[in-house]
Amino acid sequence: QVQLVESGGGSIQAGGSLRLSCAASTFSIFYYCMAWFRQGPGNEREGVARIYISNGSPYYADSVKGRFTVSHDNAKNTLYLQMNSLKPEDTAMYYCAARLGFDCPVNAQAYQYWGQGTQVTVSS
């Protein structure tokens, strides 16, 4: 069974940094679009960053551009999200998602596989 397991979340003061990890099992992320989404209480799920692993071109939401960086380690079959200069509005449950296909869409409905999420709480 395809599995994605997120880790690295926690509580942090505004201006701090966290690195989220998404470890994949039973499949190689090289052939997938991998993405990070987030959802706060009462909010819609928002695409944060995504990358088609085989060609390496990343995309970012305007709200995180310049602060967040998505990367991957093919040998470890792991996706990362480095989050710097965190703001209270970044507080959310962060989810790793994977899509098997030849494109890398922004819509959450396009992703077949999801992790359970890791909570990020940023205090002012």
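Data block above holds the structure.
In what follows, the accompanying structure is described. What you see is a predicted model, and the numbers here were worked out from it, not measured in a lab.

Each value, and the rule that gives it
- Residues numbered from 1 in each chain as written.
- Predicted model: local features only at pLDDT ≥ 70, side-chain atom pairs only at ≥ 80, totals over all residues.
- Heavy atoms only, no water.
- Buried < 20%, exposed > 50% of the residue type's maximum accessible area, 1.4 Å probe, protein only.
- Helix = DSSP H or I, 4+ residues; strand = E, 2+ residues; numbered from the N terminus.
- Pairing = 2+ DSSP bridges.
- Disulfide = S-S within 2.5 Å.
- Axes fitted to C-alpha atoms, helices over the stretch in contact; angles between N-to-C directions.
- Phe/Tyr/Trp six-rings, centres within 6.5 Å; stacked < 30°, edge-to-face > 60°.
- Salt bridge = Lys/Arg side-chain N within 4 Å of Asp/Glu carboxyl O.

The next thing to look at is the pairing of strand β8 (residues 78-83). Burial of β8 is extensive: 5 of the 6 residues sit out of reach of the surface. Where strand β3 (residues 18-25) and β8 come together, 6 bridges link them in antiparallel fashion. Within the sheet, the bridge partner assigned to Ala23 lies in β8 and is Thr78. In this sheet, β8 lies alongside strand β7 (residues 68-73) in antiparallel orientation, the contact comprising 6 bridges.

Let's shift gears to the state of the cysteines. Overall, the coordinates contain 2 disulfides when judged by the stated rule. Here Cys22 pairs with Cys96 through a disulfide, and the sulfurs are 2.1 Å apart. Residues Cys22 and Cys96 share a disulfide whose torsion about the S-S bond is about -75 degrees; that sign makes it left-handed. Placement of the pair is Cys22 in strand β3 and Cys96 in strand β9 (residues 92-100), with a sequence separation of 74 residues. Judged by its relative accessible area of 0%, Cys96 falls in the buried class. Here Cys33 is linked by a disulfide to Cys104, with a sulfur-sulfur distance of 1.8 Å.

This brings us to the sheet that holds strand β1 (residues 3-7). The antiparallel open sheet is built from 4 strands, whose spatial order is β1-β3-β8-β7. At either margin of the open sheet sits one strand with a lone partner, and together these are β1 and β7. Taken pair by pair, the neighbouring strands of this sheet meet at an average axis angle of 15 degrees, ignoring direction. Across 5 bridges, β1 lies against β3 in antiparallel orientation.

With that settled, consider the packing of aromatic side chains. Scanning all chains against the criterion turns up 6 aromatic pairs. When the ring of Phe37 is compared with that of Trp114, the centres are 5.1 Å apart and the planes differ by 50 degrees; the resulting orientation is tilted. Of the two residues, Phe37 sits in strand β4 (residues 32-39) while Trp114 sits in strand β10 (residues 113-114), which places them 77 residues apart along the sequence. In this structure Phe37 comes out as buried when scored by relative accessible area, which is 2%. Where Tyr111 meets Trp114, the ring centres are 6.5 Å apart and the plane angle is 70 degrees; that geometry is what we call edge-to-face.

This part takes up the pattern of salt bridges. Tallied over the full model, the rule gives 5 salt bridges. The shortest N-O distance in the salt bridge between Lys65 and Asp62 comes to 3.5 Å. Between Arg67 and Asp90 there is a salt bridge, with the nearest N and O atoms lying 2.8 Å from each other. With Arg67 in the loop between β6 (58-60) and β7 and Asp90 in the loop between β8 and β9, the pair connects residues that are 23 residues apart, well separated along the chain. Residue Arg67 shares its accessibility class with Asp90, and that shared class is buried. Taken together, the salt bridges that share partners define one network made up of Arg38, Glu46, Arg67 and Asp90.

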